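Architecture at a glance
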Amino acid sequence: MRANVWSGRNTVQVENVPDPRILNDRDAIVKVTSTAICGSDLHLYDGYIPTMKRGDILGHEFMGEVVETGKGVGNLQVGDRVVVPFPIACGDCWSCRHELYSVCENSNPNAGIAEKMFGHPTAGIFGYSHITGGYAGGQAEYARVPYADVGPIKIEDDLPDDQVLFLSDIFPTGYFGADLCDIEGGEVIAVFGAGPVGQFAIASAILLGAERVIAIDQYEYRLQMARGKAGATDSINFSENPDIVEQLKDMTGGRGPDAVIDAVGMEAAHGHGALHAVDRVKQSTRSESDRGHALRDAILACRPGGIVSVIGVYGGLLDKFPSGAFMNKGLQLRAGQCHVQKYTRPLYERIRDGQIDPSFVVTHRLGLDQAPDGYETFKHKQDECVKVVLTP
Amino acid sequence: MPFPPRPIDSTLHGVTDYSVGAALMTGLPKWAGVGGTESARQIRTAGAVHAGYSTLTDYPLGLVKLIPYKAHLALDALGALALAATPFVTGQYKKGRRHWVPHVALCLFELSSLAMSDPTGKGDFHGDIEAVRRANTEDPHRKIHEGPPAVTRVNV
């Protein structure tokens, strides 16, 4: 089959690779009909996530048709149309029983590496380095889905792929970010990053009842999408004024947002030249793994007693963490890889109810063979790119 | 990948500007064996000027965005050549090799860095954007700028 593989820093290639096969009774094989490039794939592409190997198949956002099932998969039939959550979860361990699927205790065969990095093992993830299990990803014609009796959600109507594909990651992840903010109605939420996950965090904050949602980015076309499609009520373009904290305070009567969502993560850009230079040098010399400016500003901007929700991906260590502001303002820091399986069903229902059409983020639909150009276009924000969907 | 490859985008170029500028102003003259000499003063001045106009450049690491990026690159080239020429103009090259080799070495470093810097600032972009546009079945501009909101505010 054809698959998009990692071939070194800033290089992916579409190659012929062996077809996947059932390895365990709880596996299924899915013929991929749509797959997407995620912002967190760019961390792999840019070489900031360790333990990638040449030939690793990328992709953790995919859906398709079941073509084969193991003996232990009773809930799926050949021919079923499914969306596959990016965390691989066994459904039986303590974490899964508490709906903490992204920290499943059984699905990561390389748990030892993750434990060294993070103190505890984390779940396996499709196509996301060997720290998360070294599983083949979904940017391919076929994918093996472990624990297929737990993860995939069956799509039982004729909604097009673009409307349900993002149940695999970015819609639940954005929703999770908003859910962590304890929105009860009337809050002001600031969202750092108007990429695909940021767009869904904004939309989810609106769905949950936030009064105002402020989108923050440096690309005007992304802010336009945030305002025109995702429901942002205000926006800050920090390429025009880099002092995000002051602007957020000005927009909220000096108090600051009730909660701030960091949908940026480890490759933050910002307008403060000297700080950015220090972060770039430290990251490129591997003396810190994460450029943490969005998180720093999120902590500084959030109102006292508020919540900072982190759904942007971080990989290891960052410096200049404003621990004084965090502690003295009494903030709550909440974070995580999304426990996707917890959210797929209720969000699927919201799509079916017409509350949201997730296909609004798709700006590029290409064939799988064009994945290398798709990665470059997405990474360099060319051609007003927000989200690339690949069709094998 | 374009040839010659130009992997240095404007941000990475800025990182080089500030780190090299700082090195020239601080320990590099002593490390090069010219501490306390006229050569050291010249190298330190070059570092200060370099870092100074970097802060005024219109690129991601500039503090006040007055100088266009391409003009900054031209200043880099002129500054490098001026630094290399200085020992020969002042005559200090007669004092020995260490009074002109650092200047010329820094000039060569700067010129090679410039040769690898993308003047558009896009750096290592190596996609075929025209092929993407031809193949794309979506219209990004219309998708972003036209049509109704994708989210309905629901009562909670």
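Residues numbered from 1 in each chain as written. Chains lettered and ligands numbered in written order. Predicted model: local features only at pLDDT ≥ 70, side-chain atom pairs only at ≥ 80, totals over all residues.

A look at the overall build of chain A
A count of helical and extended segments in chain A gives 13 helices and 17 strands. For a compact globule of 392 residues, the expected C-alpha radius of gyration is about 21 Å, and chain A comes in at 20 Å, within 12% of that figure. Each of the three principal axes of chain A carries a C-alpha extent, and together these read 60 × 50 × 45 Å. Looking at chain A residue by residue over its 392 residues, the buried ones come to 59%. For chain A, the share of sequence-separated contacts (at least 6 apart) that also reach a separation of at least 24 residues comes to 72%. (Helix = DSSP H or I, 4+ residues; strand = E, 2+ residues; numbered from the N terminus. Rg over C-alpha atoms; globule rule 2.2 N^0.38 Å. Buried ≥ 20, exposed ≤ 12 C-beta atoms within 10 Å, placed from the backbone. Contact = placed C-beta atoms within 7 Å.)

Description of helix α8 (residues 244-251) of chain A
Residues and elements named next belong to chain A. Those residues of α8 that fall on the buried side of the exposure criterion are Ile244, Gln247 and Leu248. Looking straight down α8, one finds its buried side chains confined to an arc of 100°; they lie on one side. The exposed set on the far side of α8, more than 90 degrees from its buried face, consists of Glu246 and Asp250. Taken together, the buried residues of α8 touch β10 (188-192), β11 (212-217), β12 (234-237) and α10 (293-301). One or two positions beyond α8, positive phi appears at Gly253, with a value near 65°. (Arc of directions from axis to C-beta.)

Topic: the nonpolar core
Residues and elements named next belong to chain A. Judged by nonpolar contacts, the single largest core of 129 residues is most densely connected at Ile189, Val191, Ile202 and Ile261. The element contributing the most residues to this core is helix α6 (residues 196-208), with eight residues. Counting contributing residues, this core receives three or more from each of domain 1 (2-169 + 338-391) and domain 2 (171-335). (Core = buried A, V, L, I, M, F, W, Y, C linked by C-beta atoms within 7 Å. Domains from an automatic or database assignment.)

Notes on the interface of chain A and chain B
Listed per partner, the contact involves 41 residues of chain A and 35 residues of chain B. Breaking the side of chain A that touches chain B down by element, the ones donating at least two residues are α6, α7 (220-230), α9 (273-284), β16 (364-367) and α13 (371-379) of chain A. Looking at which element gives the most residues to the side of chain A that touches chain B, the answer is α7 of chain A, with six residues. In terms of residue class, the side of chain A that touches chain B is built from 15 nonpolar, 18 polar and eight charged. (Nonpolar A, V, L, I, M, F, W, Y, C, P; charged D, E, K, R; others polar.)

Side note on the confidence of the model for chain B
All names here are of chain B. With 93% of its residues at a pLDDT of 70 or more, chain B shows a mean pLDDT of 87. Within chain B, helix α2 (residues 28-31) has the poorest average pLDDT of any element, 86, and helix α7 (residues 140-145) the best, 95. Among the scores for the predicted complex, ipTM is 0.86 and pTM is 0.82. (pLDDT = per-residue confidence, 0-100.)

A look at α6 of chain A
An α-helical turn contains 3.6 residues, so any two residues separated by three or four positions project in the same direction. Across its 13 residues, α6 of chain A extends 18 Å between first and last C-alpha, which sits within 8% of the 18 Å expected from 1.5 Å per residue. Burial runs high along α6 of chain A: twelve of the 13 residues are buried. (Expected span 1.5 Å × (residues − 1).)

A look at the pairing of strand β17 (residues 388-391) of chain A
All names here are of chain A. With three bridges joining them, strand β3 (residues 28-37) and β17 adopt antiparallel strand pairing. Looking across to β17, one finds that Ala36 is bridged to Val389. Relative to β17, β16 runs parallel, the two sharing four bridges. Residue pairing for β17: His364 is matched across the bridge by Val388. (Pairing = 2+ DSSP bridges.)

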